[in-house]
Every structure is written in C-alpha cells, then in structure tokens.
Amino acid sequence: MTYWRGPPPPVAQIGEPFVTDDGHIGHAELRLQTGMIYLAEEFPQMGLTAPESGATSVTMVLPVDDTDAVLERAHDAGGTVERGSSENFGRRTATLTDPFGHRWILSGPTKKEPAN
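Description of the structure in this document. In this numbering scheme, every chain counts its residues from 1 along its sequence in written order. Thresholds applied to this predicted model are a pLDDT of at least 70 for local features of residues and 80 or more for the giving and counting of side-chain atom pairs; totals over whole chains, interfaces and linings are not thresholded and use all residues. The side-chain numbers reported here are obtained from all heavy atoms of the structure, hydrogens and water having been left aside.

Moving on, we get to the overall build of the protein. Numbering of helices and strands runs from the N terminus; a helix is a DSSP stretch of H or I covering at least four residues, while a strand is a stretch of E covering at least two. Of the regular secondary structure elements, the protein holds one helix and seven strands. Listing the helices and strands of the protein from first to last along the sequence gives β-β-β-β-α-β-β-β. Type-normalised accessible area, obtained with a 1.4 Å probe on protein chains alone, sets the label of each residue: buried when under 20%, exposed when over 50%, and partly exposed for intermediate values. Out of the 116 residues in the protein, the part that is buried amounts to 23%. Two residues qualify as a contact provided that any one of their heavy atoms is within 4.5 Å of a heavy atom in the partner residue. Taking all contacts inside the protein whose residues are at least 6 apart in sequence as the whole, residues at least 24 apart take part in 32%. Computed by Shrake-Rupley with a 1.4 Å probe, the accessible areas treat only the displayed protein chains as cover when residues are assessed. Accessible surface, the protein as shown: approximately 8,100 Å² in total, 54% of it carbon and sulfur.

What follows is the structure, given as structure tokens:
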C-alpha cells in the first residue's frame, strides 16, 4: 500500500455553498487538481439519497494546514468526531462525519517536537 507523502495537493472551496429557498444545502463545491466534488444534503424528491440513510460509502481526505484547528472548527459546526487527532504515516490525521453524513479524514503536517 502506498501512502501519500509530501506537501498536500491544492484543494479549494469554490465560493459559498448553494442554499435552496427552504434552507437546504444544494451543493458545496471543492476544486481539486484534476476535478471538482459537489457535496449536498440528501434530496429524495430528486432521487439523490445516500446508499443507506445515516451511512456513507466514501471517505474524503482533506489536506489541511492545522488538523487540530480544523477538527475543532468542524466539531463546533456540528461534525461528529470518529477519531481524534493522531500522528501516523508521517501526517497528523483525524476522522469525522459532517452533519450531512459525509465522512472526512483531515490530513495535515505532524506537530514538531520542541527543541531542547
């Protein structure tokens, strides 16, 4: 198995999420080097549902500058922490599920040990 090493690839949120008149998130856009991901709430009336309500079959890895800070912000915004921040495979990672059921791994640089 190969693990990603080196600087994170560029990921950028494109504008603000599209919110429908009834307050649902129609989509939020993330631009990657080679494409784009749209994230949205379920819209059963349009045939857009999760494979199983309350479950997810995809985990997205989001490169971040500060895993701990992003995890705290996501938790404060309603995310559920599955695994807190830890160091592994040369990265500082954490796993959470957002309020809409999307599963994320936050991946940032390791914390530097203080110099003696």
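From this point, the narrative continues.
Moving on: the pattern of salt bridges. If charged atoms from side chains of opposite charge come close, those side chains can pair. In what follows, salt bridge is the name for a side-chain nitrogen of Lys or Arg lying within 4 Å of a carboxyl oxygen of Asp or Glu. The full count for this structure, using the stated rule, is four salt bridges. For Lys111, the salt bridge identified is with Asp68, shortest N-O distance 2.8 Å. Of this pair, Lys111 sits in the segment after strand 7 (103-108) while Asp68 sits in helix 1 (residues 67-76), and the two are 43 residues apart along the sequence. Look at Asp68 and you get partly exposed, because its relative accessible area is 23%. When the shortest N-O distance is used, the salt bridge between Glu87 and Arg92 registers 2.9 Å. A residue is classified by how much of its surface remains accessible, and Glu87, at 39% relative accessible area, is partly exposed.

Tracing the sequence through the fold places Thr93 in strand 6 (residues 91-97). A distance of 3.1 Å separates polar atoms of two side chains, one belonging to Thr93 and the other to Arg83. Under this definition, polar contacts are N or O atom pairs within 3.5 Å; protein pairs additionally need one hydrogen-donor-capable and one acceptor-capable atom, and for neighbouring residues in sequence, both atoms have to be side-chain atoms. A distance of 3.4 Å separates a polar atom in the side chain of Thr93 from a polar atom in the side chain of Asn88. Contacts of Thr93, omitting those with residues within four sequence positions, involve Thr67, Arg83, Gly84, Ser85, Ser86, Asn88, Ile105, Leu106 and Ser107.

Time to look at the pairing of strand 6. Strand 6 sits mainly inside the fold: seven of its seven residues count as buried. Burial along strand 6 is two-sided: Arg91, Thr93, Thr95 and Thr97 facing one way and Arg92, Ala94 and Leu96 facing the other are all buried. Both strand 5 (residues 80-88) and strand 6 contribute to a ladder of six bridges, which runs antiparallel. Bridged to Ser86 within strand 6 is Thr93. Pairing between strands is defined by DSSP: at least two bridges between them are needed.

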